[in-house]
There are 4 protein chains.
Amino acid sequence: MPQQIVTVQRVLCQGPSDLSGVQQLVDQGLLDPRHIVAVMGKTEGNGCVNDHTRDFASMAWCHWLAPHLGCSPEEAHQRVALVMSGGTEGVLSPHFTVFSRQWVGAQAPSPTPRLVVGVAQTRDFAPWEMGRMAQIQATAQAVKAAMQEAQIEQAADVHFVQIKCPLLTMDKIRAAQQQGHDTVTHDTYESMGYSRAASALGVALALGEITPTQLSDEAVMRDMSLYSSTASASSGIELENNVVVVLGMSRAGQSNLAIAHTVMQDAIDARSVTQMLHACGLLNTSDTTGAEPTQLVNLLAKAEAAPSGKIRGTRHTMLDDSDINATRHARAAVGGVLASLTGQTALYVSGGAEHQGPAGGGPVCVIYQPGELCG
Amino acid sequence: MPQQIVTVQRVLCQGPSDLSGVQQLVDQGLLDPRHIVAVMGKTEGNGCVNDHTRDFASMAWCHWLAPHLGCSPEEAHQRVALVMSGGTEGVLSPHFTVFSRQWVGAQAPSPTPRLVVGVAQTRDFAPWEMGRMAQIQATAQAVKAAMQEAQIEQAADVHFVQIKCPLLTMDKIRAAQQQGHDTVTHDTYESMGYSRAASALGVALALGEITPTQLSDEAVMRDMSLYSSTASASSGIELENNVVVVLGMSRAGQSNLAIAHTVMQDAIDARSVTQMLHACGLLNTSDTTGAEPTQLVNLLAKAEAAPSGKIRGTRHTMLDDSDINATRHARAAVGGVLASLTGQTALYVSGGAEHQGPAGGGPVCVIYQPGELCG
Amino acid sequence: MPQQIVTVQRVLCQGPSDLSGVQQLVDQGLLDPRHIVAVMGKTEGNGCVNDHTRDFASMAWCHWLAPHLGCSPEEAHQRVALVMSGGTEGVLSPHFTVFSRQWVGAQAPSPTPRLVVGVAQTRDFAPWEMGRMAQIQATAQAVKAAMQEAQIEQAADVHFVQIKCPLLTMDKIRAAQQQGHDTVTHDTYESMGYSRAASALGVALALGEITPTQLSDEAVMRDMSLYSSTASASSGIELENNVVVVLGMSRAGQSNLAIAHTVMQDAIDARSVTQMLHACGLLNTSDTTGAEPTQLVNLLAKAEAAPSGKIRGTRHTMLDDSDINATRHARAAVGGVLASLTGQTALYVSGGAEHQGPAGGGPVCVIYQPGELCG
Amino acid sequence: MPQQIVTVQRVLCQGPSDLSGVQQLVDQGLLDPRHIVAVMGKTEGNGCVNDHTRDFASMAWCHWLAPHLGCSPEEAHQRVALVMSGGTEGVLSPHFTVFSRQWVGAQAPSPTPRLVVGVAQTRDFAPWEMGRMAQIQATAQAVKAAMQEAQIEQAADVHFVQIKCPLLTMDKIRAAQQQGHDTVTHDTYESMGYSRAASALGVALALGEITPTQLSDEAVMRDMSLYSSTASASSGIELENNVVVVLGMSRAGQSNLAIAHTVMQDAIDARSVTQMLHACGLLNTSDTTGAEPTQLVNLLAKAEAAPSGKIRGTRHTMLDDSDINATRHARAAVGGVLASLTGQTALYVSGGAEHQGPAGGGPVCVIYQPGELCG
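These numbers were taken from a predicted model, which means no experiment stands behind them. Along every chain, residues carry numbers that run from 1 in the direction the sequence is written. Here chains are named by letter from A upward and ligands by number from 1 upward, in the order in which they appear as written. Only residues with pLDDT of 70 or above have their local features reported here, since the model is predicted, and side-chain atom pairs are shown and tallied only from 80 upward, although totals for entire chains, interfaces and linings are computed over all residues. Each side-chain value is worked out from all heavy atoms of the structure, with water and hydrogens disregarded.

(A) Expanded view of the overall build of chain A. The helix count covers DSSP runs of H or I at least four residues long, the strand count covers runs of E at least two residues long, and both are numbered beginning at the N terminus. For chain A, the count of helices and strands is 8 helices and 14 strands. The globule rule used for comparison is 2.2 Å times the number of residues to the exponent 0.38, while the radius of gyration itself is calculated over C-alpha atoms. The C-alpha atoms of chain A give 19 Å as radius of gyration, which agrees with the globular expectation for 375 residues (21 Å, within 12%). Summarising its shape, the C-alpha atoms of chain A cover approximately 55 × 50 × 40 Å along the three principal directions. Type-normalised accessible area, obtained with a 1.4 Å probe on protein chains alone, sets the label of each residue: buried when under 20%, exposed when over 50%, and partly exposed for intermediate values. Across the 375 residues of chain A, 68% fall into the buried class. Two residues form a contact once any of their heavy atoms are found within 4.5 Å. Of all intrachain contacts in chain A linking residues separated by at least 6 positions in sequence, the fraction that spans at least 24 positions is 83%. A total of about 11900 Å² of accessible surface is found on chain A, and carbon and sulfur atoms cover 50% of it. When charges are counted, Lys and Arg contribute as positive and Asp and Glu as negative, whereas His and the chain ends are disregarded. Taken as the charge centre is NZ of Lys, CZ of Arg, CG of Asp or CD of Glu, depending on the residue. Of note, chain A has its 23 positive side-chain charges centred 3 Å away from the centre of its 34 negative side-chain charges. Accessible areas in this description were obtained via Shrake-Rupley with a 1.4 Å probe; residue shielding takes into account the shown protein chains only.

The following block contains the structure:
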């Protein structure tokens, strides 16, 4: 049984293209660029249609990786899963989470499960496939492929599935129309939600959280009782297919890291997150003002404005705001909640949680170093 | 010793001018409009220069109050302190907190201190006085007058001082220049900060938190080590003077409510708030999902983006964002934190905490019904 | 034949509720509030879902009108057509255009047609009727009723039809769902477009610009070849029905004013407007820097971002912008064009021109004093 | 006398990093990357502090240029003046204007003056030098150096001076404070205005439009009677010094292009621009709907919201808007005006015209092919 050693490093940055912190890790011998399999970035754009900071960060990464990998920047983009999520509203801090993986020859399985990572991609989607069954099914297949690559045995061992998915621009919508196809929506901003929704349903399908018979084009963005507890989808203008990164636990992993997850029932559900942190042996780090707890590598979370227009029965104004998009409000609020629980602000909080957790809530996972592996 | 009975009611609304919930309280015999001394509203505008929702709400209140008080809408505005704070970013919910006060004849002092309220106003300020010593000193006098009216004996018994203060518009700036005066700033948005800053320093001066010798025009917005732990200032386009509402504890009060306060050291300082809530015997209400705890009437808090550009040593992007003003980011984040601690979203979180708590933090008070007074 | 004398006055304001300029006209004997039939306001909000400046201005007008009309503010709202359009982006200046009408006994018809105005309202719409045939047909009936009231004999004499129409909020969308109805869209911002679209198609139907057989629920927002050359619809949160104001020419009018219209083919079509101004004997007033030409009362125009994503073949970015809504961009640009042609900035430029003029363009009318009537 | 041949090509793009149109010119043999001396780009960001589209475009250009120039991307940035101006509000279309220059051996001077271009750079500025005399004087020197390089004999032959200048971020402001220096402002957005202002005054000083005795730190952003009629400054986060590009006419030029300029007196001053276009023999191209006039290469213009708060005596709301920065409003409006005069939307309209033209107005230049050189 070949084994993988996964390293996860969180690196702060001064802007979307600032990789000086990453370079420093390389210079210090702490990171080998050839082992990088995925990067999850939080960049400081609006996280919506015209957020070019995601593409900007991706370009910087590709140009930085190319010489290390001995390939062109375009090929680097194919080899490493670059998931850039825009929006660091409120207290959130821009950063990159770098996933590296090293294969070691066949060894005895690890005595306890450890963090593993698997990656897969779908084919490119036609504009009219986005937000519909075609995207759902292709995503489900990619999730299974990524699980297999990660040597994760069962769905219960999957704790986070990050997906980067495309969106519709006016150009794509018109191109589809010229070819006689109607897209799922004519609104570019709305298309981001549809793409995330179909991606999340693909995860739920792959992990057995929902059954094929529950699914149809009509269920997307409508039947919010269908959701995945581990899916996190982020849509961006810079790609045409889905990139899938599966994070889970496996005895085929030799990492000193672990992962766990929970689901926030709504945007202010601190209790679920607190319970998860306690179960992982991570103290409420808001008590250690200023000190970065070495055990916590990062939280990865989804946030959204409750589509009901209410939180615990009381009206919110996020969905009626024409100055600030609802996803920006939601990231700011949930970012505040999670930062107050961990004492840290460089957290991955991504907007738009359609079918990712219950309506108004979202999945949260924690990557950490278990206490018995510290020291 | 004349005694006062203070009632505080939090009322949700569907828009800045929606007083149907207030009218319902009157219809049910739970509120007598003639006893209202102050209203603190959270309205759903941007909370910045061109936020007309504050003025809109004030107009609605004046027209509603006038027939009850038997006066004109303009006179109603003079009689009742209307403090409208714009901005319900993130999970926050628009609402009004209505303070009523009834005087009862000379009685024995209450066995334990209870919530009391006092109100005072300064004169109108000339544009060039805003953000400078003139505004500071007039505010300090008004705070003392309000304390006296409230029968609060000592500064330590003051737990919240809400101030509504004016701002500079381009018209006022030009008018000043035509009269040969330069205003403290030429930027309308920035003027809101200066006005809040001078108001807060006036509170600190009145309560002995700083000494007169520490103060000067130059200290405003510069020496952030000078601050008040109970001041909350909110600037708006609809007035030219400072309106001061002092909330505190006194044995001259017969209310069944109490008030306490703390200071958030930064935007994610949940610990200080948790300690305050515990000290008041208020359980962590995030455990009682969906149920509104009857003991908590409201939290009143100030929020701001850390002027250092960092929170616990890590960069935030609020001050460099030209799409969303920093005050909006800060309200969204702190609103999320406080809502996660109380399980409620109709909280009064106001932006711009210059000299109100330490840089990047802010005062928080809780109005509540002490356990022994619950039925 | 009873005759009407129409007066149109443009009044600047310092904010949504500032009626001091209107009061001044009354004090000077230039305006009798009892003759006011309609007010078209440009207020300084975002013109989108959460623009409360429209409602704020309406409330101010109702409270101002009530004592003059000897009725309640609510009744004043019923008697006078208050059309408040939000958004004064770029050079545009907030103002009110006040339409007054006096009836004089049966007289000989005017030798030449003059400006007349007619007003009508539809019933309230259910949320699921908005943006569909029900709204179209009710609007068409109201247009005909308004023409009749205005004594306009034929469709060719109609030069502008202003409609104020409702929008969907999250509350209305959910209420519809609870009653088993699906609304035309689940997006509040998008609902504004649907409501304007159905209203404009109602005008086109009434004026014979399109035939009943061309219309269906599906045509709304889709078949942009269907449009009216005189419709101007503005959606707002403050009403549930359509208010229709028809402006046209009739020999039953004794006004010293006239009205003409044209259609901008796209957002930069200065030529069409120049031709209209020349035909009306209005000089290119951009030559008279600083001097307000007494002959021009106002331009009333619609603006929109070309849904094709292109203007004269070149890409624009308005529809992909998630920070500023496309209607705001369009008002700013078209406002600049029209102001440069007239030398004036207090122009009525309203956003969202769905089915109002060709895609990407919009109707423009001019109200003016013909040269031969100048004194 | 060595002669230069200047080519200017306007290239549309689909995003900040899209250089496919530029590559196409190379592939067609119409552009030699080694001759490029400057690129003026309009990118689709907010044009304010956190507009990363400028830096993104610059990075794309550097990586594209590097292999052509046989140098590193960093060196390419040093060799070619990359001036990226953010903001394509309203009808404006993102594009690049590429200036190429070829030197030919000593020849007889051209019979008539032709377009020439000169480039120079200042040293890097310390944060506390920005917006003050140090930046003014260094800029004036660079302008003279660029004129000399361009072989422009006199100030009257200079028609446009484009400057790219730095801005203050919170990091730089704090760094200055730690070194005991106070910056000209503590507001990052405001710093952009100061940097543009000092740069423009440097141009005015170099061209003799103002005298040294009129200048001081205090005059910057205050004495708006001091201005240049040809300066265009654009501030960005991606550089620390001023880059100066001088465009003018000289008999040392062999180009088939010419340049002329005028000054818009305010944001709606179409007359001045019309006069310039007529004087250049360029027809009012708004008459030729859809057809791109081959003679017009581009307009380069500055726009700003009148700091007086009024345009031709009437209030505008740009400076009191806390949702959209005033520079964005101004670009949208002036872009509409200029597009309506030329029938084109890919125009270079840059925001923030402090000391660049009179208050509220700005310089405009036209690059074109004179009629006698067409054919």
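(B) Representation of the interface of chain D and chain C within the structure. Across the boundary between the two partners, chain D contributes 42 residues, which contact 42 residues of chain C. Counting each side, the surface lost to burial between chain D and chain C is near 3300 Å², with a carbon and sulfur contribution of 54%. Salt bridge criterion: a side-chain nitrogen from Lys or Arg within 4 Å of a carboxyl oxygen from Asp or Glu. A salt bridge links aspartate 321 of chain C to arginine 328 of chain D; the nearest nitrogen and oxygen atoms lie 3.8 Å apart. Polar contact is the term for a pair of N or O atoms within 3.5 Å; when the atoms are in protein, one must be able to donate a hydrogen and the other to accept it, and sequence-neighboring residues count only if both atoms are side-chain atoms. Here chain D is connected to chain C by 10 residue pairs in polar contact (both at pLDDT 80 or more). Listing elements by their share of the side of chain D that touches chain C, those giving two or more residues are helix H7 (270-279), strand E12 (314-315) and helix H8 (326-342) of chain D. For the side of chain D that touches chain C, the element with the most residues is H8 of chain D, which contributes 8 residues. Its residues placed into classes, the side of chain D that touches chain C shows 16 nonpolar, 17 polar and 9 charged. Accessible area, probed at 1.4 Å, shrinks when two parts are joined; the buried area is that loss added up over both. Classification convention: Asp, Glu, Lys, Arg as charged; Ala, Val, Leu, Ile, Met, Phe, Trp, Tyr, Cys, Pro as nonpolar; all other residues, Gly among them, as polar.

(C) Representation of the relation of the copies chain D and chain C in the model. Each copy is superposed on the other by least squares, with the fit set by C-alpha atoms of residues at a pLDDT of at least 70 in both. Taken as rigid bodies, chain D and chain C are interconverted by a rotation of 180° and an axial shift of 0.0 Å, the fit giving an RMSD of 0.0 Å. As the rotation angle and translation indicate, the two copies are arranged about a two-fold axis.

(D) Summary view of the interface of chain A and chain B. In this assembly, 42 residues from chain A lie in contact with 42 residues from chain B. A buried area of about 3300 Å², summed over both sides, lies between chain A and chain B, and 54% of it is on carbon and sulfur atoms. Between chain A and chain B we count 4 salt bridges in total. With a closest N to O distance of 3.1 Å, arginine 315 of chain A and glutamate 44 of chain B form a salt bridge.

(E) Representation of the pairing of strand E2 (residues 36-43) of chain C in the model. Residue and element names in this part refer to chain C. Of all 8 residues making up E2, 8 are buried, and the element is well covered by its neighbours. Strands qualify as paired when DSSP identifies two bridges or more between them. Examined bridge by bridge, E2 and strand E4 (residues 95-104) share 6 bridges and lie antiparallel to one another. What sits directly across from isoleucine 36, in E4, is serine 100. Here 6 bridges tie E2 to strand E3 (residues 81-86), and the two strands are oriented parallel to one another. Residue pairing across strands places methionine 40 opposite valine 83, the latter belonging to E3.

(F) Geometry of the environment of glycine 248 of chain D. Residue and element names in this part refer to chain D. When you line up the elements, glycine 248 lands in strand E8 (residues 241-250). For the pair glycine 248 and methionine 147, spaced 101 residues apart in sequence, the C-alpha to C-alpha distance is 8.4 Å. In this view, glycine 248 contacts Arg114, Leu115, Val116, Ile152, Asp157, Val158, His159 and Ile259; residues no more than four positions away in its chain are not counted.

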